[in-house]
Amino acid sequence: MAFAQFRQRLERAQLDPEMREVCLALTDLLSRIDEGDGYHLGLPFFAKNLSAATHPNLLPALSILSTMEAPILSMNGYLDADDGQHHLTKEEFGDLIESGKLAHPDTGELIAQPLEHVRIFYSIRDEARDES
């Protein structure tokens, strides 16, 4: 789904007006990122590129853009461990979100307080760039 079509869906969605504006601003920002870029976007990127007034709604808006039907963003994570950084598979990240538990990708050992060691980032979904 193209950014323009997603934007139209947001305009019609039953969202709080302030939340809708942040979602639209995020969609506009994402649409300006060059193809091939946009696969590792952290919270600082969004905070830097949007006004401070949007910051209280930033996380919920990113969640909306990641969970709506035919989303334009994917939410991902990597483990920042003593032995380096480990990008989590979709399954590992999904299990963490669902259960709050995470096993080290290499050793299989359960990680104590995994949410303190996982860094979240967002990726523009390839389908969002499909302008056909």
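Quantities reported herein were computed from a predicted structural model and do not represent experimental measurements.

**Describing the overall build of the protein chain**
Of the regular secondary structure elements, the protein chain holds five helices and three strands. When the helices and strands of the protein chain are listed from N to C terminus, the series reads α-α-α-α-β-β-α-β. Counting every position in the protein chain, which comprises 132 residues, the buried fraction comes to 40%. Counting only contacts in the protein chain whose residues sit at least 6 apart along the sequence, the fraction spanning at least 24 positions is 60%. With an accessible surface of roughly 8,000 Å², the protein chain has 50% of that area assigned to carbon and sulfur atoms. Here the protein chain contributes 11 positively and 23 negatively charged side chains, and the mean placements of these two sets differ by 7 Å.

**A short note on the nonpolar core**
In terms of nonpolar packing, the biggest core is built from 25 residues, with L26, L30, F46 and L65 touching the most fellow members. Listing elements by their share of this core, those giving two or more residues are helix 1 (3-12), helix 2 (17-31), helix 4 (58-67) and strand 3 (118-124). The dominant element in this core, judged by the number of residues it contributes, is helix 2, at seven residues. Other than its neighbours up to four places away in sequence, L30 contacts F3, L41, F46, L65, I72, L73 and I124. L79, F93, I111 and V118 belong to the second largest nonpolar core, which has seven residues in total.

**Here's the deal with the pattern of salt bridges**
Applying the stated criterion across every chain yields a total of four salt bridges. A salt bridge links R7 to D28; its shortest N-O distance comes to 2.7 Å. Pair noted here: R7 is in helix 1 and D28 is in helix 2, with a separation of 21 residues, a long-range link. Here D28 falls in the partly exposed class, since its relative accessible area comes to 25%. A salt bridge links R125 to E127; the nearest nitrogen and oxygen atoms lie 2.9 Å apart. Taking relative accessible area as the criterion, E127 reaches 41% and is therefore assigned partly exposed. Among the ionic contacts, a cluster of salt bridges with common partners joins R7, E11 and D28.

**Topic: the packing of aromatic side chains**
A full pass over the atoms with the stated rule returns three aromatic pairs. Measuring from centroid to centroid gives 5.2 Å for F45 and F46, while their planes differ by 75°, and the two rings are edge-to-face. When its relative accessible area of 26% is taken as the criterion, F45 is described as partly exposed. Judged by relative accessible area, F46 falls into the buried class, the value being 0%. On the basis of an interplanar angle of 40° and a centroid distance of 6.3 Å, the ring pair of Y78 and F121 is categorised as tilted. One end of the pair, Y78, is in strand 1 (residues 73-81); the other, F121, is in strand 3, with 43 residues separating them in the sequence.

**As for the side chain of N76**
Looking at where N76 falls in the secondary structure, it is placed in strand 1. Classification of N76 by relative accessible area gives buried; the value is 17%. Only 2.9 Å separates the side chain of N76 from the side chain of S123, close enough to count as a polar contact. For N76, the residues in contact, after removing those within four places along its chain, are F93, R119, I120, F121, Y122 and S123.

Cut-offs used in this document
Residues numbered from 1 in each chain as written. Predicted model: local features only at pLDDT ≥ 70, side-chain atom pairs only at ≥ 80, totals over all residues. Heavy atoms only, no water. Helix = DSSP H or I, 4+ residues; strand = E, 2+ residues; numbered from the N terminus. Buried < 20%, exposed > 50% of the residue type's maximum accessible area, 1.4 Å probe, protein only. Contact = heavy atoms within 4.5 Å. Areas by Shrake-Rupley, 256 points an atom, 1.4 Å probe, with all protein chains shown as cover. Lys, Arg positive; Asp, Glu negative; His and termini not counted. Charge placed at Lys NZ, Arg CZ, Asp CG, Glu CD. Core = buried A, V, L, I, M, F, W, Y, C linked by side-chain atoms within 4.5 Å. Salt bridge = Lys/Arg side-chain N within 4 Å of Asp/Glu carboxyl O. Phe/Tyr/Trp six-rings, centres within 6.5 Å; stacked < 30°, edge-to-face > 60°. Polar contact = N/O pair within 3.5 Å; in protein donor to acceptor, adjacent residues only side chain to side chain.

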